[in-house]
Amino acid sequence: MKVLIVDDEKHVRHAIRMLVHWEACGVTEVIEAESGDQAIEVITALSPPVVLTDMRMPGKDGVALMEWIQVHSPATRVVVVSGYDDFDLVRQAIRRGGMDYILKPVDPVEINEALSKATKAWRTAEQDRRRQTMQAIEVNRMRPHYADKLLTELVSGTTNTALSITPLREELGLPAVIQMCNAAVMSIAQLDADMLDKYKTRRPLLSFSLINICNEFLMASQTGIAFRHLERMDEIILLYWGEPSRWPLLLQDIHAGIRTALRCHMHIGIGSFGAFPVAAATAYHEARQALWKRDVLQATDWLHPSSVVRQSVRLPRLPEMEEELRLSALSCNASRVAATVGRWIAAVAELPSVTAEQLAGWNQELDWMLARWLNDRPGDTEGEELADGAGSIPALPIDNRGLLSLPLWRKQIENRMLAAGQALTPSHSPNNPTIHNIARYLEAHYDEDISLQDMASRFYLSREYISRKFKQEYGVNLSDYLCRIRMDKAKLLLLNNKLRLHHIAGMVGYQDEKYFGKVFKKLEGVTPGEFRKHHAANPQP
């Protein structure tokens, strides 16, 4: 803690320095100033919590200094040390926040008691300020979630009366009168696999970016708000209460903004206008239906109104091919799997239309089918499952225009069939080719950011299955295995004195040099620097 002594007489400042038990009050630095003007400069630069000041000084006197402190540094505690026993000065000191008025010559007991009281008062106030700051931070952190909660309830139909939306008006500052409203929906789940892979560990950031772009346009015109549906985390909803004729133009601007900022093609479902607030839920339901019932085979517009009616067609069903698919998977033969999957893809290609909803449904059928094969496997009660997108938004087989890519879908299904065949291999088999493939992948890509979820997505197996089987096969879990590979590579690189430690950390997959050093010491017993010095002093032949 810093304390500032302000007095135009040097011997007084020196006496105060000698008389006060600074350490007992937790004071670590004592600063001096000869005038009120100089004191203001010090307070502005260093913010000392406590000031001991004289009253009569040339230039700005003690009264003027205390007036300045009240306005510009109100947290500072002030103790007056004066040679004038003047009631008017005492009254002015108290009025301007002075905690004590001590007369010269300074009494050691009085000055120490006054300083102790001032430092304690500052610490107590500082704790209150910090507590209030943390509360404000927490409130600000929770406010967006609270707003999303209120808006989610609105579009879900649980709060749609004038009285029930009062908290929403207070929180978001909605217009006093809203006659009509509409809603639009976009879904991260309908982005292409490359975009989802780019944000695979930062999905909240992707949602946040999309919401911000939408709100730049909606809030600029004060005609709506974008938010995340808390029960369907992949969905972003745009609630609009402006002029109906402006709505398509605004959506066009939003779509262009997303294309420019994120370079992705975002399809948007749109509902119909109705009376606010009752129509918000209806408009949301219509918009969501329009988005998921859009035709992923046709290069239509990116905006999908709810008025479009799709012709119903007889769809092929995966369960009708289940036995054929299962036998091809059990063969573990890539050609046979490709031929079987090819017949399914050919049947889909003959359809006049396919909706995003149907595509997601087929993927769900495939998940259930593969899980059932494994759960029904004789002699295995562990319930091993193939990866089904748990913990992340599954990528639909669509391209960057949002249209179905049959080649991509065919490849996805083939990979899952082959992974299923390997997973269905009897558990007593001494070799597990998939786990060995994962180990080889780690050895080849140790310098990349790799997680268990990444391996589950890449090899079409669940995280639990990989974790369990990897431990059985290698005696350590996947992360420890990867860590050992990285440390072995790091030890080789450390033998080159020209490579700096932060370069080596990056070369073996660590962006943080300190974390790399911590992991290295935990496994090797010495820091990377100590390892390098030891081997420089004792080179191996």
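The rules behind the values
- Residues numbered from 1 in each chain as written.
- Predicted model: local features only at pLDDT ≥ 70, side-chain atom pairs only at ≥ 80, totals over all residues.
- Heavy atoms only, no water.
- Phe/Tyr/Trp six-rings, centres within 6.5 Å; stacked < 30°, edge-to-face > 60°.
- Helix = DSSP H or I, 4+ residues; strand = E, 2+ residues; numbered from the N terminus.
- Buried < 20%, exposed > 50% of the residue type's maximum accessible area, 1.4 Å probe, protein only.
- Pairing = 2+ DSSP bridges.
- Axes fitted to C-alpha atoms, helices over the stretch in contact; angles between N-to-C directions.
- Contact = heavy atoms within 4.5 Å.
- Disulfide = S-S within 2.5 Å.
- Expected span 1.5 Å × (residues − 1).
- Arc of directions from axis to C-beta.
- Salt bridge = Lys/Arg side-chain N within 4 Å of Asp/Glu carboxyl O.
- Parallel < 35°, antiparallel > 145°, perpendicular 65-115°, else oblique.
- Left-handed = near helix turned anticlockwise from the far one by under 90°.
- Nonpolar A, V, L, I, M, F, W, Y, C, P; charged D, E, K, R; others polar.

Draft legend 1. Examining the packing of aromatic side chains more closely. Summed over the entire model, instances satisfying the criterion amount to 12 aromatic pairs. Between the aromatic rings of Phe520 and Phe531, the centroid separation amounts to 5.7 Å while the plane-to-plane angle is 75°, which identifies the pairing as edge-to-face. Of this pair, Phe520 sits in helix α20 (residues 513-524) while Phe531 sits in helix α21 (residues 528-537), placing them 11 residues apart in sequence. Taken as a pair, Phe520 and Phe531 share a single burial class, namely buried.

Draft legend 2. Layout of the sheet that holds strand β2 (residues 29-33). Strands sit in the order β2-β1-β3-β4-β5 across an open sheet of five strands; the sheet is parallel. This sheet does not close on itself; its edge strands, each paired only once, are β2 and β5 (98-103). Strand after strand, the sheet turns through a mean of 20° between neighbouring axes, direction not considered. Of the strand pairs in this sheet, strand β4 (residues 77-82) and β5 are connected by five bridges, and their pairing is parallel. Among the inter-strand pairings, Val81 is bridged to a residue of β5, identified as Ile102. Relative to strand β1 (residues 2-6), helix α2 (residues 36-46) is tilted by about 170°, and along the sheet it contacts β1, β2 and β3 (50-53). Helix α4 (residues 87-95) rests against β4 and β5 of the sheet, and its axis sits at about 155° to β5.

Draft legend 3. View of the pairing of strand β6 (residues 180-187). Counting buried positions along β6 gives seven out of eight residues, so the element sits mostly inside the fold. Here two bridges tie β6 to strand β10 (residues 274-275), and the two strands are oriented antiparallel to one another. Residue pairing for β10: Cys181 is matched across the bridge by Gly274. Inspection of the sheet shows β6 paired to strand β8 (residues 235-240) by six bridges, in the antiparallel sense. In the sheet register, Asn182 faces β8, and the bridge partner there is Tyr240. Pairing geometry for β6 and strand β9 (residues 268-270), over two bridges, is antiparallel. From the neighbouring strand, Val185 faces β9, where its bridge partner is Gly269.

Draft legend 4. Layout of the state of the cysteines. Counting across every chain of the model gives zero disulfides. No disulfide involves Cys214; its sulfur sits 10 Å from that of Cys264, the nearest cysteine.

Draft legend 5. Representation of unusual backbone geometry. Geometrically, the link from Lys104 to Pro105 is a cis peptide bond, its omega value of -5° lying close to zero. Relative to the assigned elements, Pro105 resides in the loop between β5 and α5 (108-156). A cis amide bond links Phe276 to the next residue, Pro277, at an omega of 5°. With respect to the helices and strands, Pro277 occurs in the loop between β10 and α10 (279-292). One non-glycine residue, Arg263, lies in the positive phi region at around 55°. The topology assignment puts Arg263 in the loop between α9 (247-262) and β9. For Arg263, a relative accessible area of 75% gives the class exposed.

Draft legend 6. Focus on helix α17 (residues 463-474). With 12 residues, α17 should reach 16 Å at 1.5 Å per residue; the first-to-last C-alpha distance of 16 Å fits that figure. On the buried face of α17, the contacting elements are α14 (406-423), α15 (433-444), α16 (452-459) and α18 (478-494). With its phi angle positive at about 80°, Gly475 sits one or two positions after the end of α17.

Draft legend 7. Focus on α4. When α4 is considered as a whole, its buried residues turn out to be Leu89, Gln92 and Ala93. In an axial view of α4, the angular spread of the buried residues amounts to 100°, which keeps them on one side of the axis. Exposed and facing more than 90 degrees away from the buried side of α4 are Phe87, Ile94 and Arg95. Buried residues along α4 sit in contact with α3 (62-72), β4 and β5.

Draft legend 8. Structural detail: the pattern of salt bridges. For the structure shown, the criterion picks out 23 salt bridges. Notably, a salt bridge pairs Lys104 with Glu9, separated by 3.9 Å at the nearest N-O pair. With Lys104 in the loop between β5 and α5 and Glu9 in the loop between β1 and α1 (10-19), the pair connects residues that are 95 residues apart, well separated along the chain. Using a relative accessible area of 33% as the deciding quantity, one classes Glu9 as partly exposed. Residues Arg484 and Glu524 are paired through a salt bridge, measuring 2.8 Å at the closest nitrogen-oxygen approach.

Draft legend 9. Here's a closer look at the side chain of Ser35. Relative to the helices and strands, Ser35 is located in the loop between β2 and α2. Taking the relative accessible area as the measure of exposure, Ser35 reaches 16% and is therefore buried. For Ser35, the residues in contact, after removing those within four places along its chain, are Val6, Met57 and Pro58.

Draft legend 10. Looking closely at the packing of helix α12 (residues 334-349) against α14. Between α12 and α14, whose axes approach to 9 Å, the crossing angle comes to 140°. The angle between the axes of α12 and α14 places the two elements in the oblique class. The interaxial crossing formed by α12 with α14 has right-handed handedness. From α12, Ala334, Val337, Ala338, Val341, Gly342, Trp344, Ile345, Val348 and Ala349 reach across to α14, where they touch Leu406, Trp409, Arg410, Ile413, Glu414, Met417 and Leu418. When its residues are assigned to classes, the contact of α12 with α14 shows 13 nonpolar, one polar and two charged.

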